[in-house]
Amino acid sequence: MIPLPRSFYRRRTLTVARELLGKVLVRKVGKQILAGRIVETEAYFGADPASHSYRGLTPRCKPMFEEAGHAYVYFVYGNHYCFNVVTEQVGRAGAVLIRALEPISGIPLMERNRKTKEKHSLTNGPGKLCAALKIDQQFNRADLTKGNLLIIDGAQKKFRIVRTTRIGIREAKERLYRFYIKNNEFVSRK
DNA sequence: TAAGTGATAGTT
DNA sequence: ACTATCACTTAG
């Protein structure tokens, strides 16, 4: 199980967001492996008004300015975590929000973590996939090239990509910074 | 469609 | 200190 190299992440955020589609997020919890194929992403970077980095460096968004290939995890709406992967060179803010996964392994444990047996609602949203894979604040700034949370290459490489607008933001709604795998049933919203 | 939930960041 | 806001989810 070879993690994607740091160089994969240290590029333009939009490029990384597109290329993360089809890759596999792997979470080890004890002897269990929870894994899912990334099917939907969003890019946030620099002076984008929808990005946490819009007004520059703050304690919360600091990881976005740091080394690529690490996690940026934050808590929203008093209930949920969102998992992002840091992109760009050090000093340039960028991160890709992972919005949806197609479950691959560890589905019974995901069902317990999510308190549902409905396969389609296990990981089809940013807060849902964090709950399913038990990703919380402790993974903020975790290195995704080693450890209990990794991203590896995926088996299936042939798929169509849809590029469209982001979800759940008020500013910069028109920017086409969301990517998803066409016709995939685990995408949060078409 | 709307309420719930609590940390964050910007303003007093 | 105070408060508006929020890269969401679930129930209704």
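Just so it is clear, the model here is predicted, and its values are computed rather than measured.

Procedures and definitions
- Residues numbered from 1 in each chain as written.
- Chains lettered and ligands numbered in written order.
- Predicted model: local features only at pLDDT ≥ 70, side-chain atom pairs only at ≥ 80, totals over all residues.
- Heavy atoms only, no water.
- 1 Å grid on protein atoms, 1.4 Å probe; cavity = no way out; pocket = protein on both sides within 12 Å on 5 of 7 lines; lining within 4 Å.
- Points joined across faces, edges and corners; volume = space filled by probe spheres on them.
- Helix = DSSP H or I, 4+ residues; strand = E, 2+ residues; numbered from the N terminus.
- Near = heavy atom within 4 Å.
- Polar contact = N/O pair within 3.5 Å; in protein donor to acceptor, adjacent residues only side chain to side chain.
- Nonpolar A, V, L, I, M, F, W, Y, C, P; charged D, E, K, R; others polar.
- Buried < 20%, exposed > 50% of the residue type's maximum accessible area, 1.4 Å probe, protein only.
- Lys, Arg positive; Asp, Glu negative; His and termini not counted.
- Salt bridge = Lys/Arg side-chain N within 4 Å of Asp/Glu carboxyl O.
- Contact = heavy atoms within 4.5 Å.
- Phe/Tyr/Trp six-rings, centres within 6.5 Å; stacked < 30°, edge-to-face > 60°.
- Lys NZ or Arg CZ within 6 Å of the ring centre and 35° of its normal.
- Pairing = 2+ DSSP bridges.

Peer 1: Explain the layout of surface pockets here, please?
Peer 2: The gaps of empty space that remain are located by a probe, the size of a water molecule, rolled over the atoms. Of the pockets and cavities examined, the largest pocket occupies roughly 690 Å³. Lining the largest pocket are 28 residues, and of these His 52, Tyr 74, Val 76, Gly 168 and Ile 169 lie nearest its centre. The set of elements that each furnish at least two residues to the lining of the largest pocket consists of strand 2 (32-45), strand 3 (71-76), strand 4 (80-86), strand 5 (94-105) and helix 4 (126-132).

Peer 1: Just checking my understanding: could you explain the protein's contact with DNA strand B for this structure?
Peer 2: Taken together, Arg 55, Thr 58, Pro 59, Arg 60, Cys 61, Phe 75, Tyr 77, Gly 78 and Asn 79 make up the full set of residues adjacent to DNA strand B. Among atoms of DNA strand B positioned within 4 Å of the protein, sugar and phosphate together represent 67%. Between Gly 78 and DNA strand B, the recorded distance is 3.4 Å, taken from a backbone N or O atom to a base nitrogen. Of the residues in the surface near DNA strand B, the class split is 4 nonpolar, 3 polar and 2 charged.

Peer 1: Looking at this model, I keep getting lost on the side chain of Arg 27. Mind explaining?
Peer 2: Tracing the sequence through the fold places Arg 27 in strand 1 (residues 24-29). Summary of buried charges: Arg 27 has no salt-bridge partner, and the nearest side chain of opposite charge, Asp 136, is 6.5 Å away. A distance of 2.7 Å separates a polar atom in the side chain of Arg 27 from the backbone oxygen of Leu 133. There is a polar contact of 3.0 Å between the side chain of Arg 27 and the backbone oxygen of Lys 134. For Arg 27, the residues in contact, after removing those within four places along its chain, are Gln 32, Ile 33, Leu 34, Leu 133, Lys 134, Phe 139, Asn 148 and Leu 149.

Peer 1: Sorry, what's going on with the packing of aromatic side chains here?
Peer 2: For any pair of aromatic rings, the description rests on two quantities: the centre-to-centre distance and the angle between the ring planes. Evaluated as defined, the whole model comprises 4 aromatic pairs. Where Tyr 72 meets Tyr 74, the ring centres are 5.4 Å apart and the plane angle is 40°; that geometry is what we call tilted. Overall, the relative accessible area of 1% leaves Tyr 72 in the buried class. Its guanidinium or amino end placed over the ring of Phe 8, Arg 11 lies 4.8 Å from that ring's centre, counting from NZ or CZ.

Peer 1: I keep staring at the protein's contact with DNA strand C and nothing clicks. Help me out?
Peer 2: Among the 20 residues in the neighbourhood of DNA strand C, the closest are listed as Tyr 74, Asn 84, Arg 114, Gly 127 and Lys 128. Atoms of DNA strand C within 4 Å of the protein belong to the sugar or the phosphate in 56% of instances, the rest to bases. His 52 is positioned with one of its side-chain polar atoms (N or O) 3.0 Å from a phosphate oxygen of DNA strand C. With respect to DNA strand C, the side chain of Arg 99 contributes an N or O atom lying 3.0 Å from a phosphate oxygen. Mapped onto the surface near DNA strand C, the elements with two or more residues apiece are strand 4, strand 5 and helix 4. Within the surface near DNA strand C, the residues separate by chemical class into 10 nonpolar, 6 polar and 4 charged.

Peer 1: What is the right way to read the pairing of strand 1 from this model?
Peer 2: Within a regular strand, side chains alternate between the sheet's two faces. In this sheet, strand 2 lies alongside strand 1 in antiparallel orientation, the contact comprising 6 bridges. Looking at strand 2, one finds that Val 29 is bridged to Gln 32. Connecting the antiparallel pair strand 1 and strand 2 is a turn made up of 2 residues, with Gly 30 showing a positive phi of about 65°. Examined bridge by bridge, strand 1 and strand 6 (residues 149-152) share 4 bridges and lie antiparallel to one another. Each bridged residue has a counterpart across the sheet, and for Val 26 the counterpart in strand 6 is Leu 150.

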